[in-house]
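A structural walkthrough
Letter by letter, the chains look like this.
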Amino acid sequence: MNGGRKIPFSSLVEKAAALELKNEPKLKEPDEYTIIGTDQPQKVAGDIAVGKQKYAMDMELPGMLNAVIARCPYMDGLVKSFDATEALKVPGVRHVVRVNRIPEDLNEQKYIADGVAVIADSHWAALKGREALEIEWDKGRWAHVDNAWIDGNFDKLVASGDTKVRLEHGDFDQAFADADKTLEVTYEQPYWAHATMETPCGLVDVQKDKVIVYAGNQTAVRVMNDLMRVLPGYTHDQFEVNIMRLGSGFGRKFIVDACTEAAILSREVGAPVKVIWTREDDLEQDFYNPKGRHMFKGGLDKDGKLVAANYIHCSTDNDFATHAFPAHHVPNYRGEVISSQVLPSGPWRGPTENVAGYAMQSFVDEMAHMAGQCPLKYRIDMFRETGDTPHPGFSSDVMVADRFINVLQIAAKNAGWGKELPKGHGMGVASFMTFGGYAACVVEVKVDDDGTLTIIHASGAADPGIAINPQGCRAQIESGTLDGFSAAMGQAIEIEGGRVVNNNFDSYEMARIGLAPHNFTAEVARNTISPKGLGEMSLPPAIPALCNAIFDACGVRIRKLPIADQLEKAMKA
């Protein structure tokens, strides 16, 4: 800027790239930074608050048509037959188009559901046309499935003993047999939907020599690559992809199904087409966070040290969970997986580690209480004794003990860990490493005699490396923690007769404002380590910290999510 004039950095890129440097430029030292590390407010927050911000759902193109799709509600089901006669009579309806199922290459689950699209002048006309469709569904191979069936299938798989060992050291069997005290415990969590604020949508104009896209997705490259699967002959340089501001993503909008549907329909009718999913579409047709069962055996020596642990994770096949803390902090450990999945699954805030955090940090808490030791000190002592350990996963190879200890101490200090609590109050602590960063959470709750739960204080701390914008980091700590509380308290996808039956917020309950902590403290560790993203980091420790606090308050151990009315039933028992 000079005299009020502004030049975007992008206009200087080509000239800067052509410069030949005589010497390697000296980078600023961290104490010289004037922007990095200072709070930067969200410049478009005002526009978002008053509805001025444009999202993919807001975009229009000349000649654009609107589409909604009647997707088969049954898992991997198909359209057996349909009659569009009445739909085509709805004013504004232009076309009714069959949309064929596209399998997902990675896991043979559906990527695009089988269905029938109604294309109209307006979104409302398309909705009314869809209501008028007459469709007979082929329910497919999963028509018998419900939640009880999935649990029974877990039982059979566990009983078979057909596991894959992902990590093993020491001699777990001998150490468990020799242990002074032992515990065998199982934790479970349901399918979770993303329920993004803006439902999936996409606007695509397939032209002869180019493809114009307005996408509410998380990556332009994935948009182009996925659309080229259904638009053979087009290359990357023929795409104009406009990535709009996300109406929240949580991993759901890494998947490009709405834009892919729009591309198929635009090519079919020769006009720009915008596909908007309703909330019912969104919850019925999600790529869900996998349902899982987590089985643990743990053994303590006479000093209360955790000397033996076995973790069997029954869900999707992965390495992250079995390598997480305390896997490398136990001298005799075996981590195993059993692969079982029915509903289509996909990344959900803190993939895999979201539920591994709940299970492993609940288990560590139970072992600490069995040992008669402070749960905070128990964790810190384990880190100090073992030091840095391997940690394969997103953006990380090593788990650094001092960084873990630091975030635990920050969260504990801000929560007043160790203070005398009133009757019915309790504190819980948890920590986890996610996407190369470290996070801890301490929660104080109150549980009344009738089981009413009040979250008094949540204290979150995170170490993502150097905090570019501390204000944004604190916002992510708060949002991830609240997201975890919401999922833990009341969210669960229910399946009956091979289809998801809770398809709006009356049956898939998001946390209301009354559940929010009365006080919230969020702090970012200060250092100059290379930064990692913080969007995923704070959720994995939030859920177990809440559950551990509940136990401390009333002695009820939460081993199955959602919490829902468990406390009410337990307090009445």
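Everything below is about the structure shown above.
Please read these numbers as outputs of a predicted model, since none were measured by experiment.

Basis of the calculations
- Residues numbered from 1 in each chain as written.
- Predicted model: local features only at pLDDT ≥ 70, side-chain atom pairs only at ≥ 80, totals over all residues.
- Heavy atoms only, no water.
- Helix = DSSP H or I, 4+ residues; strand = E, 2+ residues; numbered from the N terminus.
- Rg over C-alpha atoms; globule rule 2.2 N^0.38 Å.
- Buried < 20%, exposed > 50% of the residue type's maximum accessible area, 1.4 Å probe, protein only.
- Contact = heavy atoms within 4.5 Å.
- Areas by Shrake-Rupley, 256 points an atom, 1.4 Å probe, with all protein chains shown as cover.
- Lys, Arg positive; Asp, Glu negative; His and termini not counted.
- Charge placed at Lys NZ, Arg CZ, Asp CG, Glu CD.
- Phe/Tyr/Trp six-rings, centres within 6.5 Å; stacked < 30°, edge-to-face > 60°.
- Pairing = 2+ DSSP bridges.

A few words on the overall build of the chain. Counting its regular elements, the chain contains 15 helices and 24 strands. At 26 Å, the chain has a C-alpha radius of gyration in line with the 25 Å of a compact globule built from 573 residues. For the C-alpha atoms alone, the extent of the chain along its principal axes is close to 75 × 70 × 45 Å. Within the span of the chain, comprising 573 residues, buried residues form 54% of the whole. Long-range pairs, those at least 24 residues apart, make up 77% of the contacts in the chain between residues at least 6 apart in sequence. Carbon together with sulfur atoms contributes 51% to the accessible area of the chain, which is approximately 25500 Å² in total. The averaged location of the 77 negative side-chain charges in the chain is 4 Å from the averaged location of its 59 positive side-chain charges.

With the rule as written, the count across this model stands at 13 aromatic pairs. With 5.9 Å between their ring centres and 75° between their planes, Tyr187 and Tyr358 make a pair best called edge-to-face. Here Tyr187 is found in strand β9 (residues 181–189), whereas its partner Tyr358 is found in helix α10 (residues 353–370), with 171 residues between them in sequence. Here Phe325 and Phe404 contribute two aromatic rings whose centre-to-centre distance is 6.3 Å and whose plane-to-plane angle is 45°, an arrangement assigned as tilted. On the criterion of sequence distance, the pair formed by Phe325 in the loop between α9 (320–323) and β16 (332–339) and Phe404 in helix α12 (residues 401–415) is long-range, its members being 79 residues apart. As far as the burial class goes, Phe325 and Phe404 line up, both buried.

Where burial is concerned, most of strand β15 (residues 306–315) is hidden: ten out of the ten residues are buried. Where strand β14 (residues 292–300) and β15 come together, eight bridges link them in antiparallel fashion. Along β15, the bridge assignment pairs Met295 with Ile312. Once β14 ends, the chain turns through five residues before running back antiparallel as β15, passing Gly304 with a positive phi of about 85°. Where β15 and β16 come together, eight bridges link them in parallel fashion. Of the residues in β16, the one forming a bridge with Cys314 is Ile338.

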